[in-house]
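Report on the structure
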Amino acid sequence: MSKYLDPKADLTFKKVFGEHKDLVISFLNALLPFESADEEISEVIEYLDPELRPRSPLKKDSVVDLRCRDARNRQFVVEMQMMWTSEFKQRVLFNASKAYVSQLDIGQDYELLQPVYSLNLVNDTYTKGDKWYHDYRIVSVEETDEVIDGLRFVFIELPKFRPDSFGHKRMQILWLRYLTEINAKTRKVPDELMAVPEIHRAVDALEESAFTDQQLLVYDKFWDIVSTSRTLINGALRRGRREGMQKGLEKGMAKGLERGMKKGMEKGMEKERLKIADRMRQLGLSEEIISQAVGQPVV
């Protein structure tokens, strides 16, 4: 009986969707909010460099999990985020905007610009309620049907997803089941997933036997870092709340309570970010990966 790796890990996600164009086409068509078959991706022309470099060496660069271009020259930026941070939306906007403006060289016409779609899969929750699919566009405040095309953002809160979700496309449900149901404990994949050729191939790519010993060590290290980071950040939040409440209560005013909680949480979070960063450096990870994991640059 086969043993599978979790597709949400950095190594496996990039192997499945960064090496098989047919799989990324099916995946993106299922998860992006295309309104008609004409809008769907017919062909991925090329994978683009996931490192978004600025023209000026003094400006910030960044790395995404996957970036590709289709036959219409539209770009698709995909990120798998294991933990939600308050800075993640800003980083997503930054990366998509950089991909958008990087299409033109100096002197070229704006009409050459093509849309950029940003798909963000979050293995965490960041909103209240049961809604797990979030679609963002640039719209008029007064007339919401007035849209500025060019950038579109989709965020999916994976822990909220349920297979019995109604109003969503069949392939969307199946691909999300692939992401959320397959992990190191899986020994038999549901038949309804294996019945879809694209997902069957994506499942085969997760078999442990398809990876080298070194790759398996990298995979295990990834989950160790995720587990450690979650523990430290959650601990910082709890300590921050306690410190903030104590300071607020001492002032005896609701306003003081709010300020004290915020200050205490920020102080606690900053201490824990530095601890997490030090542990990641000991594991030999790059500063870019460390900054993404803790949600901000760390010096």
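Refer to the structure printed above.
Conventions adopted
Residues numbered from 1 in each chain as written. Predicted model: local features only at pLDDT ≥ 70, side-chain atom pairs only at ≥ 80, totals over all residues. Heavy atoms only, no water. Helix = DSSP H or I, 4+ residues; strand = E, 2+ residues; numbered from the N terminus. Buried < 20%, exposed > 50% of the residue type's maximum accessible area, 1.4 Å probe, protein only. Contact = heavy atoms within 4.5 Å. Areas by Shrake-Rupley, 256 points an atom, 1.4 Å probe, with all protein chains shown as cover. Axes fitted to C-alpha atoms, helices over the stretch in contact; angles between N-to-C directions. Left-handed = near helix turned anticlockwise from the far one by under 90°. Nonpolar A, V, L, I, M, F, W, Y, C, P; charged D, E, K, R; others polar. Phe/Tyr/Trp six-rings, centres within 6.5 Å; stacked < 30°, edge-to-face > 60°. Lys NZ or Arg CZ within 6 Å of the ring centre and 35° of its normal. Core = buried A, V, L, I, M, F, W, Y, C linked by side-chain atoms within 4.5 Å. Salt bridge = Lys/Arg side-chain N within 4 Å of Asp/Glu carboxyl O. Pairing = 2+ DSSP bridges.

Right, let's talk about the overall build of the protein chain for a bit. The number of helices and strands found in the protein chain is nine helices and eight strands. Sorting the 299 residues of the protein chain into buried and exposed places 43% on the buried side. Look at the contacts in the protein chain between residues 6 or more apart in sequence, and 65% of them connect residues 24 or more apart. Accessible surface for the protein chain amounts to roughly 16600 Å². Of this, 53% is attributable to carbon and sulfur atoms.

It is worth spelling out the packing of helix α2 (residues 21-31) against helix α4 (residues 170-181) at this point. In the contact formed by α2 and α4, the axes pass within 8 Å of each other and the chain directions differ by 115°. Along this stretch, α2 crosses α4, giving a crossing that reads as left-handed. For the pair α2 and α4, the contacting residues are L23, S26, F27, A30 and L31 in the first and M171, Q172, W175, L176 and L179 in the second. For the contact of α2 with α4, the per-class residue count stands at eight nonpolar, two polar and no charged.

Attention shifts here to the packing of aromatic side chains. This model, assessed by the stated rule, comprises 19 aromatic pairs. Here W132 and F161 contribute two aromatic rings whose centre-to-centre distance is 5.2 Å and whose plane-to-plane angle is 90°, an arrangement assigned as edge-to-face. Residue W132 is found in the loop between β6 (116-122) and β7 (133-139), and its partner F161 is found in the loop between β8 (147-157) and α4; the two are separated by 29 residues along the sequence. With respect to class, W132 is no different from F161; both count as buried. An aromatic cluster is defined as three or more aromatic residues linked by ring pairs; in this entry it consists of F13, F17, F27, W175 and Y178. Its guanidinium or amino end placed over the ring of F211, K15 lies 5.3 Å from that ring's centre, counting from NZ or CZ.

Quick look at the nonpolar core now. One finds F17, F27, L28, L119, L121, I156 and Y178 to be the most contacted residues of the largest nonpolar core, which totals 52 residues. Counting residues per element, this core draws most heavily on α2, which supplies seven residues.

Scanning all chains against the criterion turns up 12 salt bridges. Between R91 and E79 there is a salt bridge; the shortest N-O distance is 2.9 Å. Note that R91 is positioned in helix α3 (residues 88-101) and E79 in strand β5 (residues 75-81), a separation of 12 residues in sequence. Across the pair, exposure class does not vary: R91 and E79 are buried alike.

What follows deals with the pairing of strand β4 (residues 66-70). With respect to burial, β4 is a largely interior element, four of its five residues being buried. Inspection of the sheet shows strand β1 (residues 44-47) paired to β4 by three bridges, in the antiparallel sense. The partner of V44 across the bridge, within β4, is D70. Of the strand pairs in this sheet, β4 and β5 are connected by four bridges, and their pairing is antiparallel. Residue pairing across strands places L66 opposite V78, the latter belonging to β5.

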